[in-house]
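Fold and contact review
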Amino acid sequence: MRRGERGPAVQFALEVLVRMAELTDAPRFVPIVSAHVDGCLYEGDAVVDFVDHLTALGAQVAVPTTLNAISVELSGWRAQGVPAAFGDPAERIVAGYLGMGARPSFSCAPYAIGHTPAFGQHVAWGESNAIAYANSVLGARTDRYGDFLDILAAIAGRVPEQGLHRTERRRGELLFVLGDDVDVSDPALYPLVGYAMGLLTGGAVPVVEGLPPDARPDDLKALLAAAASSGAVALAHLVGLTPEAPDVSTACQGRRPDSVISLTAARLREARRALSTRSDGRVDAVALGSPHFSVGEFRELASLVRGRRMAPHMRLVVTTSQFMRDRAQEEGLLEPLRAFGGEVITDTCILLSPLLANSVRTVMTNSGKYAHYIPSLLQKDVVFGSLAECVAAAESGSVLEQTS
Amino acid sequence: MKGRVAVGGAAGPASVIFTSDALSLWGGFDPATGLVIDTHHPLRGLSLSGRIVVMPAGRGSSTSSAILLESVRAGTAPAGFMFRRLDPIFAIGSLVAEKLYGRAVPIVIVEDEGAFSALAAASEASWDTDGFISVR
């Protein structure tokens, strides 16, 4: 395509993409079937500058494009006490992307809301957990698209064929074998395995052997989100569970893994310790839904909270997409949660939006990703536990004796 | 020592901050202050502003590119990055900074493990547009 042939926005996008192609020694460009844009967060005014610049160039997306979780709940931020100095530019960024033709999905779990590319298709996805899920579970091909490159790829409709778009780069390199001493019935097994694996992976493609064959998509989501938080994991082959890993040899493309690491019970205990910053029983709030809660997780939560009542000083926040909240509502899963005292917040999450008051000092969560980021992004203490442990803490007002 | 200049041309001389632990800028670096805020990271509390940051690779969030752009806008960006492996997320943040503000954050790649490890002892570093690196 010649410069400027499709307008200045496409030219701008291609200029950056060509630089990225050169940097990564990509031999050619490949067309993409979708994009997932993570760059819709208000992190500061530079992002506003970027979106305004694209809008001024007349940018339009060339492929179906979803938007990640955003910095505010669109319908609720004013009532939540979010300052206008934060909410207004956050809305401006979102309006800019919607004006380019992106869909108002507002979710970090686009794979759960009908945005699912087929095996082998190329996509350009941002958001570390979505990237890991698309590559690992769907077998679609995306590299780790940073903010900005995701929307530029959407505008150009193509990406350099580099990184995880290339078959040889998807070879499993580092084999993790789940130790015989690991209790696979531990309800926190998946985020702990992911977190421990991410810490040890470096830049390699990991393979995990020994996970229960009945692991559900939500389990894989929890594992991958944790792994993409503690490490740069963008693709993990889970033997017997993900499409490129019917067995270790296939996952490693017929070669032997470069090295083997045993994921022992001790390593998982270490991961669990690393995910909590206090152990004196104090907890002020429970946060669930990173990545965004699925309808399956709402079902599990509804069955746990039914007939119980949250302690008066507590707060329980579940973050999800509007799509999934509506599904949960239709199934009657939100009533028991509201009766318990919990609340559902859509579009955003506690890491992106100032949803938790300063008086909340300690947050409990079952998400390895929330647990990893809460101390640095919110300057709050965190306690990691299973969903059942989180509900028990919300009911009693303190963290009960944990299994570990 | 020679590296491969990925983005932004020459850098330094500036003081070196070395870490063998990869850092995610989102959740790890505050562009308002230039400080490392990742409570899990050994550089926690230290400033990266105006320094050559030497680490094996980037890590974690894809929003790191936006944080890098914010730091360029705020004037708190590092003077450059030296990686063993190019992290495309850092590269895109730097490329967009060049496009929007005319100021890239230079990135140079030093693949050789021995050469890279030797940088741990450096107090100051710079490189030219051809990737020739000087350390002190």
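Everything numeric in this text was worked out from a predicted model, so none of it was measured.

Reading the values: rules and limits
- Residues numbered from 1 in each chain as written.
- Chains lettered and ligands numbered in written order.
- Predicted model: local features only at pLDDT ≥ 70, side-chain atom pairs only at ≥ 80, totals over all residues.
- Heavy atoms only, no water.
- Domains from an automatic or database assignment.
- Contact = heavy atoms within 4.5 Å.
- Buried area = accessible area lost by both parts, 1.4 Å probe.
- Salt bridge = Lys/Arg side-chain N within 4 Å of Asp/Glu carboxyl O.
- Polar contact = N/O pair within 3.5 Å; in protein donor to acceptor, adjacent residues only side chain to side chain.
- Nonpolar A, V, L, I, M, F, W, Y, C, P; charged D, E, K, R; others polar.
- Helix = DSSP H or I, 4+ residues; strand = E, 2+ residues; numbered from the N terminus.
- Pairing = 2+ DSSP bridges.
- Axes fitted to C-alpha atoms, helices over the stretch in contact; angles between N-to-C directions.
- Core = buried A, V, L, I, M, F, W, Y, C linked by side-chain atoms within 4.5 Å.
- Buried < 20%, exposed > 50% of the residue type's maximum accessible area, 1.4 Å probe, protein only.

1. Describing the domain arrangement of chain A
All names here are of chain A. Domain parsing of chain A yields domain 1 (8–165), domain 2 (171–273) and domain 3 (276–399). Each partner contributes residues to the interface: domain 1 has 14 residues there, and domain 2 has 14 residues. In total, domain 1 and domain 2 occlude about 1200 Å² of area from one another, counting both sides; carbon and sulfur atoms represent 70% of this. Of all residues in domain 1, Tyr133, Ser136 and Val137 give up the largest surface area on contact with domain 2, accounting jointly for 36% of the area buried on that side. Counting across the domain 1 and domain 2 interface gives zero salt bridges. Across the domain 1-domain 2 interface, the total number found is two residue pairs in polar contact (both at pLDDT 80 or more). Partitioning the side of domain 1 that touches domain 2 into residue classes produces eight nonpolar, five polar and one charged.

2. Some details on the side chain of A:Ser230
Position of A:Ser230 relative to the elements: it lies in helix H7 (residues 217–230). A polar side-chain atom of A:Ser230 sits 3.4 Å from the main-chain amide nitrogen of A:Leu199. What A:Ser230 contacts, discounting residues up to four positions off in sequence, is A:Gly194, A:Tyr195, A:Gly198, A:Leu199, A:His372 and B:Arg59.

3. Some remarks on the sheet that holds strand E3 (residues 65–67) of chain A
Residues and elements named next belong to chain A. Pairing within the open sheet is parallel, and its three strands lie in the order E3-E2-E4. Each end of this open sheet is capped by a strand with a single partner; those strands are E3 and strand E4 (124–125). Examined bridge by bridge, strand E2 (residues 35–37) and E3 share three bridges and lie parallel to one another. If you follow His36 over to E3, its bridge partner there is Thr66. Across the sheet, helix H5 (residues 149–156) touches E2, E3 and E4, and the angle it forms with E2 is around 145°.

4. Points about the nonpolar core
It is characteristic of soluble globular proteins that their nonpolar side chains tend to be buried jointly. Among the nonpolar cores identified, the biggest contains 146 residues, and A:Phe50, A:Tyr97, A:Ile151, A:Ile350 and B:Phe81 are the most heavily contacted of them. With nine residues, the top contributor of residues to this core is helix H1 (residues 8–23) of chain A. Counting 30 residues, the second-largest nonpolar core is a separate cluster that includes A:Val286, A:Leu301, A:Ala311 and A:Ala393.

5. So, the environment of A:Val82
Tracing the backbone shows A:Val82 in the loop between E3 and helix H3 (84–99). In contact with A:Val82, not counting residues within four places along its chain, are A:Val72, A:Trp77, A:Gly87, A:Ser353 and A:Pro354.

6. Considering the interface of chain A and chain B
Listed by partner, the interface residues are 46 residues for chain A and 35 residues for chain B. Counting each side, the surface lost to burial between chain A and chain B is near 3300 Å², with a carbon and sulfur contribution of 60%. There are five salt bridges connecting chain A and chain B. Its salt-bridge partner being B:Glu98, residue A:Arg19 comes within 3.4 Å of it at the nearest N-O pair. Summed over the shared surface of chain A and chain B, the result is 20 residue pairs in polar contact (both at pLDDT 80 or more). Secondary-structure elements contributing two or more residues to the side of chain A that touches chain B are H1, helix H2 (45–56), helix H4 (128–138), H7 and helix H13 (368–378) of chain A. Per-element tally for the side of chain A that touches chain B: the top contributor is H1(A), with seven residues.

7. Here we look at unusual backbone geometry
Put simply, A:Ser290 and A:Pro291 share a cis peptide bond, and its omega is -5°. Secondary-structure assignment places A:Pro291 in the loop between strand E10 (285–288) and helix H10 (295–305). Geometrically, the link from B:Gly12 to B:Pro13 is a cis peptide bond, its omega value of 5° lying close to zero. Non-glycine residue A:Gln253 carries a positive phi angle of around 55°. Within the secondary structure, A:Gln253 sits in the loop between helix H8 (248–251) and strand E9 (259–263). Here A:Gln253 falls in the partly exposed class, since its relative accessible area comes to 35%. Positive phi, normally seen in glycine, also occurs at A:Gln379, with a value near 50°. When you line up the elements, A:Gln379 lands in the loop between H13 and strand E14 (381–384).

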